[in-house]
Amino acid sequence: GYSSAASDVYKRQPFAWRAAFELAKIEYKNKNYASAEVYAKDAQMLAPPDIGLVYPVVMLRADALRLQKKYDDACHLYLKIAMSKECRGEPQAESLYKIGLCWYEQGEWGKAHAYFQRVFVGYFKFEYWGSRAYYYDARAARRQQTDQEYAQRLLQEFKLLSLIHI
C-alpha cells in the first residue's frame, strides 16, 4: 500500500478524488481489493456529487467489495449506478450485470436470473455485457433445473431473443 503521509497530502489537493481513484485502480490491478476499496471510497467522498462524472469510482469500489465477498455493500453501490438517470446506457448494463454476478456467486440462481435477463433483454446493444449476462444466466438456469426443463427454457429464451432483434 501507500503511506498514510502520502494519502494525507493528496486529500488536500485540487482534484484529489482523481488521485485517489488512480491509487484505487493500481491497488485493484494488483489484486489488493481491500486497499482499492479504501482509495475508491476516498475518491468517492472527495469527488463532486455528480454520479454521471464519478460512476467509474463507484463501480471500482463496488467491484472491490464484490471480490471481497461483501455482496450487500457491492450491490448497494451497483444500484446507485443502475438507478441513476445520469448513468443511462452501458453503465447501467454493467452495474445490473454485476448485481447478477453477486447473486450468482452466492448461489441465488433465481435472483441472478432476474438481473442477467434484464441485461440481455433490455441492454442487448451492449454486446459485451449482454453476452456475459446470457452466459451466466444459462449457467444459473442449468444449476437450477433438470435437463428437460433446461432445454425448454433455452428454447423459450431463443424465441424471445429472435422476437426482440427482428
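What you see is a predicted model; the values in this text were computed from it and never measured.

## Comments concerning the nonpolar core
Generally speaking, nonpolar side chains in soluble globular proteins are found buried as a group.
Phase 1: Core analysis: the biggest nonpolar cluster contains 32 residues, and Y78, Y97 and F116 have the highest contact counts within it.
Phase 2: Listing elements by their share of this core, those giving two or more residues are α4 (51-67), α5 (71-82), α6 (90-105), α7 (109-122) and α8 (127-144).
Phase 3: Contact partners of Y97, with chain neighbours within four places excluded, come to F116, V119, W129, R132, A133 and Y136.
Phase 4: Counting twelve residues, the second largest nonpolar core, distinct from the first, contains L23, A40, V54 and L60.

## Section: empty space enclosed by the protein
Phase 1: Under the defined criterion, the tally for this structure stands at one cavity of 30 Å³ or more.
Phase 2: Of the voids in this model, the largest cavity is the one considered here, and its volume is about 30 Å³.
Phase 3: Every element with two or more residues in the lining of the largest cavity is listed here: α8 and α9 (147-164).
Phase 4: Looking at the lining of the largest cavity, the element that brings in the most residues is α8, giving four residues.
Phase 5: Each residue belonging to the lining of the largest cavity can be placed in one class, and the counts come to four nonpolar, no polar and three charged.

## Looking at unusual backbone geometry
Phase 1: Positive phi, close to 65 degrees, is recorded for K31, a residue that is not glycine.
Phase 2: Despite not being glycine, K69 has its phi angle at roughly 65 degrees, a positive value.
Phase 3: Positionally, K69 belongs in the loop between α4 and α5.
Phase 4: On the accessibility criterion, K69 (61% relative accessible area) is exposed.

## Let's talk about the pattern of salt bridges
Two side chains of opposite charge can pair, provided their charged atoms sit close to one another.
Phase 1: Per the counting criterion, the structure on display carries five salt bridges.
Phase 2: E37 is the partner of R61 in a salt bridge, and the nearest nitrogen-oxygen pair spans 3.0 Å. Taken together, the residues span a long stretch of sequence, with R61 in helix α4 and E37 in helix α3 (residues 33-46) at a distance of 24 residues. As far as the burial class goes, R61 and E37 line up, both buried.

## Brief notes about the packing of aromatic side chains
Phase 1: The final tally for this structure, using the stated rule, is eleven aromatic pairs.
Phase 2: Ring geometry for Y104 and Y136: centres 5.0 Å apart, planes at 75 degrees, overall edge-to-face. Remark: Y136 occurs in helix α8 and Y104 occurs in helix α6; sequence separation between them is 32 residues.
Phase 3: Taking the relative accessible area as the measure of exposure, Y136 reaches 22% and is therefore partly exposed.
Phase 4: On the basis of an interplanar angle of 85 degrees and a centroid distance of 4.6 Å, the ring pair of Y128 and W129 is categorised as edge-to-face.
Phase 5: Judged by relative accessible area, W129 falls into the buried class, the value being 9%.
Phase 6: Ring pairing ties together the aromatic residues Y97, Y104, W109, F116, Y128, W129, Y135 and Y136, which thus form one cluster.

## Here's the deal with the packing of helix α2 (residues 16-29) against α3
How two helices sit against one another is set out by the angle between their axes and by the gap between those axes.
Phase 1: Packing of α2 against α3 brings their axes to within 8 Å, and their N-to-C directions diverge by 165 degrees. It follows from the interaxial angle that α2 and α3 lie roughly antiparallel. The handedness of the crossing between α2 and α3 comes out as left-handed. Contacts between α2 and α3 pair A16, W17, A20, F21, L23, A24, E27 and Y28 from the former with Y33, S35, A36, Y39, A40, D42, A43 and L46 from the latter.
Phase 2: Classifying every residue of the contact of α2 with α3 gives 13 nonpolar, one polar and two charged.

The rules behind the values
Residues numbered from 1 in each chain as written. Predicted model: local features only at pLDDT ≥ 70, side-chain atom pairs only at ≥ 80, totals over all residues. Heavy atoms only, no water. Core = buried A, V, L, I, M, F, W, Y, C linked by side-chain atoms within 4.5 Å. Buried < 20%, exposed > 50% of the residue type's maximum accessible area, 1.4 Å probe, protein only. Helix = DSSP H or I, 4+ residues; strand = E, 2+ residues; numbered from the N terminus. Contact = heavy atoms within 4.5 Å. 1 Å grid on protein atoms, 1.4 Å probe; cavity = no way out; pocket = protein on both sides within 12 Å on 5 of 7 lines; lining within 4 Å. Points joined across faces, edges and corners; volume = space filled by probe spheres on them. Nonpolar A, V, L, I, M, F, W, Y, C, P; charged D, E, K, R; others polar. Salt bridge = Lys/Arg side-chain N within 4 Å of Asp/Glu carboxyl O. Phe/Tyr/Trp six-rings, centres within 6.5 Å; stacked < 30°, edge-to-face > 60°. Axes fitted to C-alpha atoms, helices over the stretch in contact; angles between N-to-C directions. Parallel < 35°, antiparallel > 145°, perpendicular 65-115°, else oblique. Left-handed = near helix turned anticlockwise from the far one by under 90°.

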